[in-house]
Amino acid sequence: MSDQSDGMSPLVIGLGTAGCDLVASLDPEGYEILLVDTDRRTLRKYPALSPHIIGSDLVAGEGCGGNMNLGKACFRTGMDPLLSRIMSHRPIFTVSYPG
């Protein structure tokens, strides 16, 4: 983690399979990584990075299959528990590849 003067370190968020795969391949020196997906198969590849599944109530961990409307619904219902963690970092970078 970075030692910022305001006490906050940068956060890089990987969203979805492509975002998670890309962010997980980065060297985490100087920042924190957060992986978020609706597909548990993607997240199982990165247990050391403490990944977070969202939308389990909608897709049962099976992913959205590229359905962007379903992905948005999963995001809306699943991100609230992570917001305090996300908002405690500055700056925040998000990496994703839609649909």
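Check the entry above for the structure.
For clarity, every value in this text was computed on a predicted model and none was experimentally measured.

(A) Geometry of the overall build of the protein. Counting secondary structure elements, the protein contains 5 helices and 4 strands. Taken over C-alpha atoms, the radius of gyration comes to 13 Å for the protein, in line with the 13 Å a tight globule of 99 residues would show. For the protein, the spread of C-alpha atoms along the principal axes amounts to about 40 × 25 × 20 Å. Taking the intrachain contacts of the protein between residues at least 6 apart in sequence as the baseline, contacts between residues at least 24 apart amount to 42%. By element, 56% of the accessible surface of the protein is carried by carbon and sulfur atoms, the whole surface being about 5800 Å². The protein carries 8 positive and 11 negative side-chain charges, and their two centres are separated by 9 Å.

(B) Quick peek at helix α1 (residues 16-24). All buried positions along α1 are accounted for by G19, C20, V23 and A24. Buried residues of α1 fall within an arc of 120° about the axis and therefore sit on the same side.

(C) Seen up close, the sheet that holds strand β3 (residues 52-53). The strand order across the open sheet built from 4 strands is β3-β2-β1-β4, with neighbouring strands paired in parallel fashion. On the outer flanks of this sheet lie β3 and β4 (92-95), each paired with one strand and no other. Pairing of strand β1 (residues 11-15) with β4 involves 4 bridges; the strand directions are parallel. The partner of V12 across the bridge, within β4, is F93. Where α1 meets the sheet, it contacts β1, β2 (32-37) and β4, and its direction lies at approximately 140° from that of β1.

Conventions we followed
- Counting starts from 1 at the beginning of each chain's written sequence and moves along it residue by residue.
- Where local features are concerned, this predicted model is filtered to residues with pLDDT of at least 70; where side-chain atom pairs are given and counted, the filter is 80 or more; whole-chain, interface and lining totals use all residues.
- Calculated side-chain values reflect all of the structure's heavy atoms, with hydrogen atoms and water omitted.
- Only DSSP runs of H or I reaching four residues or more are called helices, and only runs of E reaching two or more are called strands; each is numbered from the N terminus.
- For the radius of gyration, the atoms used are the C-alpha atoms, and the globule rule reads 2.2 Å times the number of residues raised to 0.38.
- What makes two residues a contact is simply this: any of their non-hydrogen atoms within 4.5 Å.
- In these tables, accessible area is a Shrake-Rupley quantity obtained with a 1.4 Å probe, and a residue counts as shielded only by the protein chains included in the view.
- Counting rule for charge: Lys and Arg are taken as positive, Asp and Glu as negative, and neither His nor the chain ends is counted.
- We put the charge of a Lys on NZ, of an Arg on CZ, of an Asp on CG and of a Glu on CD.
- The classification of residues rests on relative accessible area computed with a 1.4 Å probe and restricted to protein chains. Under 20% of the type maximum is buried, over 50% is exposed, and intermediate values are partly exposed.
- Along the arc lie the directions from the helix axis toward the C-beta atoms.
- Note on pairing: DSSP must find at least two bridges between two strands before they are called paired.
- What counts as an axis is a line fitted to C-alpha atoms, over the stretch in contact for a helix, and the angles between N-to-C directions run from 0 to 180 degrees.

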